[in-house]
Amino acid sequence: MKPVEDAQRPRVVTPFPAPKIMDLPQFQGEHQESLYWGTYRPQVYLGIRARTPQSLVAGLMWIGVKDGRYFVRHVCQDSDELSTYSWTHHNGRDYGHQVLIDHCMTLATSFLKSKEDGSGYGGDWTVRIDVKSEK
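Residues numbered from 1 in each chain as written. Predicted model: local features only at pLDDT ≥ 70, side-chain atom pairs only at ≥ 80, totals over all residues. Heavy atoms only, no water.

**Q** So what exactly am I meant to see when it comes to the packing of aromatic side chains here?
**A** When we look at a pair of aromatic rings, we describe it by the centre distance and by the angle of the planes. For the coordinates displayed, the defined rule picks out 6 aromatic pairs. Judged by centre distance (5.6 Å) and plane angle (45°), the rings of W37 and W125 are tilted. Of this pair, W37 sits in strand β1 (residues 37–38) while W125 is found in strand β9 (residues 124–133), placing the two residues 88 residues apart along the sequence. R51 extends its terminal NZ or CZ atom over the ring of Y40, reaching a point 5.1 Å from the ring centre. (Phe/Tyr/Trp six-rings, centres within 6.5 Å; stacked < 30°, edge-to-face > 60°. Helix = DSSP H or I, 4+ residues; strand = E, 2+ residues; numbered from the N terminus. Lys NZ or Arg CZ within 6 Å of the ring centre and 35° of its normal.)

Written out as structure tokens, the structure reads:
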């Protein structure tokens with residue numbers, strides 16, 4: 001057979017006959033609840049949400065100054081020219097700490113989640129933001 005003929009033939013994809021991993025018993029109950037809230041918003045400097053379609057969304061946005069012009073910071077972009085933005089500590093579940101350096105300003109964010117008696121589903125969480133300016 002020629003490669004052109006192979007590309008035009010319809011492909012049949014048969015799904016593997018197994019349950020989804022998150023539907024398995026070991027991923028239910030406390031494990032599933034412990035992952036309910038977290039830093040699940042990609043492409044933003046800090047974003048918190050629950051693992052549900054209609055979740056409350058929280059995040060970080062600030063105004064930076066470069067060459068006398070103001071810029072809104074929220075979505076991670078190379079054009080922002082931050083010298084540092086990354087999680088320095090994060091366990092993917094309960095806590096995280098990151099440092100963002102935006103020219104002469106340093107932002108440190110910390111995320112902490114705990115599950116105590118009286119907590120709602122998924123536990124309670126908090127974010128702390130420390131800002132230091134060189135000016």
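**Q** For this particular structure, what's the right way to read the pairing of strand β8 (residues 105–114)?
**A** One ladder, built from 8 bridges, connects strand β7 (residues 95–102) with β8; its direction is antiparallel. In the strand pairing of β8, H97 is matched with S110. Where β7 folds back onto β8 in an antiparallel hairpin, the turn is made up of 2 residues, including H103, whose phi is positive at roughly 55°. Judged from the 10 bridges that link them, β8 and β9 form a sheet pairing that is antiparallel. Paired with T106 across the strands is K132, a residue of β9. (Pairing = 2+ DSSP bridges.)

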